[in-house]
Amino acid sequence: MTAVLEVRDIAKSFGGVHAVQGVSFDVHEGEILGIIGPNGSGKSTLFNCILGQLAPTRGEVRIDGRNVSGKRPSELNRLGISRTFQLLQVFPQLTVRENLILAGQEHKGSRLGRLFGARDAGLGAAADRMIDFFRLGHLAHENAGGLSYGQQKLLDAAMAFMAGPRLVLLDEPAGGVNLTMLASLKERLQAINRETRATFVVIEHNMEFVMALCSRIIVLAEGRIIAEGEPAAVRRDPKVIEAYLGH
Amino acid sequence: MADFLQLLISGLATGAIYALAAIGFTLLWQTSQTINFAQGEFVMLPAFFALVAMTWLGLPFAVAVVIAIVCSMLVLGLMFKVVVVQPLIKQGVLPLVISTIALSVLLKEGVKDVYSAEAQPFPTLFPDVTLSVAGVAVSLAQVGVLVVAFGTIVALQWFLGATRIGRQMQATAQNPTVARILGVPVERMILYTFLINAVLAAMASILISPIYLAKFSNGESLGLAAFVAAIVGGFNQVRGAIVGGLLIGVVDNLAAAYVSTSYRQAVPLILLVAIILFRPQGLLGRREERAV
Amino acid sequence: MISPRLAWLLVALGALMLVLAPIDLTGIGIPYPGLKRYGTYIMTLWLVTAIAAMGVNLIVGYAGLETLAQAAFVGIGAYVTALMVKAGWPFGLAFLASGVAAFAVGIMLGFPALRVRKHYLAFVTLAFSVLAWLVFRNEQWLTGGVMGIGDISRPTLFGHTLRRHVDFYWFVLAITAVLTFALWWIIRSPWGRAFTALRENPIRAESLGVDVRLYTLLAFAIGSAYGGLAGSLYAPLVEFIDPNPFALGPSLLFMLMVVVGGAGRFAGPFVGAAVAVLLPEWLRFAEGFYLLIYAVLVMTMMAFCPTGIMGLAERLLPARRRPTAAATAPLLGEAKP
């Protein structure tokens, strides 16, 4: 198995605060890796460093063995890395379908070609398939801002998959989603993982969700990895229990 | 050298006046996210309150000055907040910006139509005497302006730092939500900020009008100077506005003497662009971590 | 709202009325005497203003950026055209050069602003606006300084001079139609979707592969180019240019115009330009007080209907939900610079 994503000794400080202190791990093709940890353990900062949203203080990120440190989020996205956000991030004034087309259009053809080409950049059919896949069919032409919270979460996830990414980083996909929607989200994510062999990295607070979804879990506390392994093993690890209870 | 010192002193004098306007601009931004595009007109108008009191009502200058300050507090403080800013604050920054641009047109055209389109001479608070100190000619009027402007600034700094209301105002400026939780009467603090801005504008108006004459169109250059001073100093810092104001006054004066009179206005603007390029947080601002 | 077919019909009808506006129709039984010389001139000025305002609308209404320099770009276009026409170049070339010049300056201006936070584009454009005006005023050898440039001749088309107001009006109308169509095309293309995305959520857009910096520059440069093209038509319209119409004040008025018309609404700039250019002519009785009334109207409108006249019309017309790219959310929301 080759590593799709290699994180090497990433560290990030804000002023005197060391949010992430030398984290390294690999993610393999087709894997669903979970990253958990108490509040303030550096999960989101780590994500933002991997994704070019923040510049890490030191360390290196490699995609398919290629160093991509210092690339901007849009460049990383066009290399096949996609993400969702912890807080809702859809385009409220665009319809569901337009949101999805937008999520794919920068991967299709040349920029000038898109100006003179078709309005949907040739992505209409793909967007419709994605809408069906996430069971948003009845909402395709609604403005995204009018959707319920859970529906927007689904749309957010659907957008991350629109360009057929190799690697998807999901930042608390289950946060604020009700139980029915949660089951549906988990099942859809696993279906995509099976179908496309896309690799996932998931940050999550909801233990049930992450244990059921992920094949391997990394536990962060105070900016360092304190445990790593299969869900069942991590759950029993005394260091993990201590990190959560001690917090 | 004597020339240079003279230019420096007169630059500091106008700069101190710019600083007054810039401080008000910054305070409004901090407490109510109001980018006041009418700030220049706020400095233009109070002189006309005084002129109306003197020429139409025949009152002495000293009384007229007091009337100008009180009218400013009512019109540019209270009315501005209640009539213009309050209904718009929930609409976001742009509608409020547009509204203050319209307000600047309103004040400018209003003064032109109601009072006069001509530049009006304005009495000075200080005797027009020039002293010679070690070969440098120093005008007493300039020293007076410096003293009054700095006195105002020091008093304001003392008020903000040492009094209970002042500290509550600072808390409101830094984080209104937390301030509210801590029991600060946020709405009243915001009103005080508007009143202080009005007083600062009135002071600036009375100090600058003897130099530039009182004219309806003065607000354009004054507003620009305050705006540039606030950004150059560091957009959300009162200290920054003071340094920015003084710097712009001096730079403007030196540019007029040593660069060219026709491009004197350009120098502060180029300074502004340079600051935005190389030190966007302003001279005294703190750098913020930025996503994307 | 109205159906697309009805909308097209209305657009066609409106275009026909604009074409016929200067013609005396009493001969064919319609009691309409046609516009006089001055009326035609004002209508042309309205079109030219609307072109520049369309550019502002792209920048402000669609891409969610800020510009306080559109009058300066109009000035660049006007001076480029005036100088080239006076030097004997054909108008067509001068027109293109005006657009290209404004586009290029727009790109250069956008760069510094990209490095920094949101409202700084507004600050940079404000500084540029004043700097450009200083150059127009001070570089007498080139621009004639405050004396301006006079006797700017109107173009000829297929050997036919457009010196008459009516001919020039039709010429400007045709160009306006082309530019309107071009902007409509851009806005409904994937580019327009990307512009809207960077208005609504630049961080999310960036994470979806939208090159936010490039699209910011493009929106700003295209919008500025519309200013340049408007200026290129303005110079031969008024036949004399001086620095005053290109100062900071007029730039701010462009911003007002677009927001009053309805930022992010396609027809907004035409409505806003009509309020700014045509209304004062009809309100002649108000004379010097027009700007006062206008200012009060703008302030009232911002308080009660910040989506402008088009937004108000949408609210008043029988409501039918439709996909729209228009902003009803607070513009520029919460962002602190």
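Named according to an unreviewed UniProt entry, chain A is ABC transporter ATP-binding protein originating from Vineibacter terrae.

Trainee: What's the story with the overall build of chain C in this structure? I'm lost.
Mentor: Scanning chain C from terminus to terminus reveals 14 helices and 2 strands. Sorting the 337 residues of chain C into buried and exposed places 59% on the buried side. Carbon and sulfur atoms make up 72% of the accessible area of chain C, which amounts to about 13,900 Å² in all. In chain C, the 23 positive side-chain charges and the 14 negative ones have mean positions that sit 8 Å from each other.

Trainee: Hey, could you run me through a nonpolar patch on the surface in this one?
Mentor: A surface patch of nonpolar side chains, amounting to about 600 Å² of accessible area, comprises B:Val66, B:Val70, B:Leu74, B:Leu78, B:Met79, B:Val82 and B:Val83. The residue B:Val83 is located in helix α3 (residues 61-85) in this model.

Trainee: Whenever I open this one, the sheet that holds strand β4 (residues 58-63) of chain A confuses me. Can you help?
Mentor: Pairing between sheet strands relies on hydrogen bonds along the backbone, with the strands arranged either parallel or antiparallel. Residue and element names in this part refer to chain A. With respect to topology, 4 strands assemble into an open sheet ordered β2-β1-β4-β5, the strand pairing being antiparallel. What marks the edges here is a single partner per strand, and that holds for β2 (17-28) and β5 (66-67). Alignment of strand β1 (residues 3-14) against β4, held across 5 bridges, turns out to be antiparallel. Looking at β4, one finds that Arg8 is bridged to Glu60. In the packing of helix α1 (residues 43-50) onto the sheet, contacts are made with β1, β2 and β4, and the angle to β1 comes to roughly 115 degrees.

Trainee: Just checking my understanding: could you explain the pattern of salt bridges for this structure?
Mentor: Residues and elements named next belong to chain A. Scanning all chains against the criterion turns up 26 salt bridges over all chains. Between Arg8 and Asp26 there is a salt bridge whose closest N-O contact spans 2.9 Å. In this pair, Arg8 is assigned in strand β1 and Asp26 in strand β2, connecting sequence segments 18 residues apart. Since its relative accessible area comes to 23%, Asp26 is described here as partly exposed. The partner of Arg216 in a salt bridge is Glu31, with the nearest N and O atoms 2.4 Å apart. Residue Arg216 is located in strand β9 (residues 216-221), and its partner Glu31 is located in the loop between β2 and β3 (32-36); the two are separated by 185 residues in the primary sequence.

Trainee: Which parts of the structure should I look at to understand the side chain of C:Ser232?
Mentor: Residue and element names in this part refer to chain C. Within the secondary structure layout, Ser232 lies in helix α10 (residues 212-238). A residue is classified by how much of its surface remains accessible, and Ser232, at 0% relative accessible area, is buried. Separated by 2.7 Å, the side chains of Ser232 and Thr81 make a polar contact. If we ignore the near neighbours within four places in the chain, the residues touching Ser232 are Gly77, Ala78, Thr81, Phe91, Ala94, Phe95 and Ser98.

Trainee: Looking at this structure, how should I read the confidence of the model for chain A?
Mentor: Low pLDDT marks stretches whose predicted atomic positions should not be read closely. Here chain A averages 89 in pLDDT, while 98% of its residues score no lower than 70. By mean pLDDT, the top-scoring element of chain A is helix α3 (residues 96-105) of chain A (95), and the lowest-scoring one is helix α10 (residues 238-245) of chain A (82).

Parameters at a glance
Residues numbered from 1 in each chain as written. Chains lettered and ligands numbered in written order. Predicted model: local features only at pLDDT ≥ 70, side-chain atom pairs only at ≥ 80, totals over all residues. Heavy atoms only, no water. Helix = DSSP H or I, 4+ residues; strand = E, 2+ residues; numbered from the N terminus. Buried < 20%, exposed > 50% of the residue type's maximum accessible area, 1.4 Å probe, protein only. Areas by Shrake-Rupley, 256 points an atom, 1.4 Å probe, with all protein chains shown as cover. Lys, Arg positive; Asp, Glu negative; His and termini not counted. Charge placed at Lys NZ, Arg CZ, Asp CG, Glu CD. Patch = residues over 30% accessible without salt bridge, like charges linked within 9 Å, V, L, I, M, F, W, Y side chains within 5 Å. Salt bridge = Lys/Arg side-chain N within 4 Å of Asp/Glu carboxyl O. Pairing = 2+ DSSP bridges. Contact = heavy atoms within 4.5 Å. Axes fitted to C-alpha atoms, helices over the stretch in contact; angles between N-to-C directions. Polar contact = N/O pair within 3.5 Å; in protein donor to acceptor, adjacent residues only side chain to side chain. pLDDT = per-residue confidence, 0-100.

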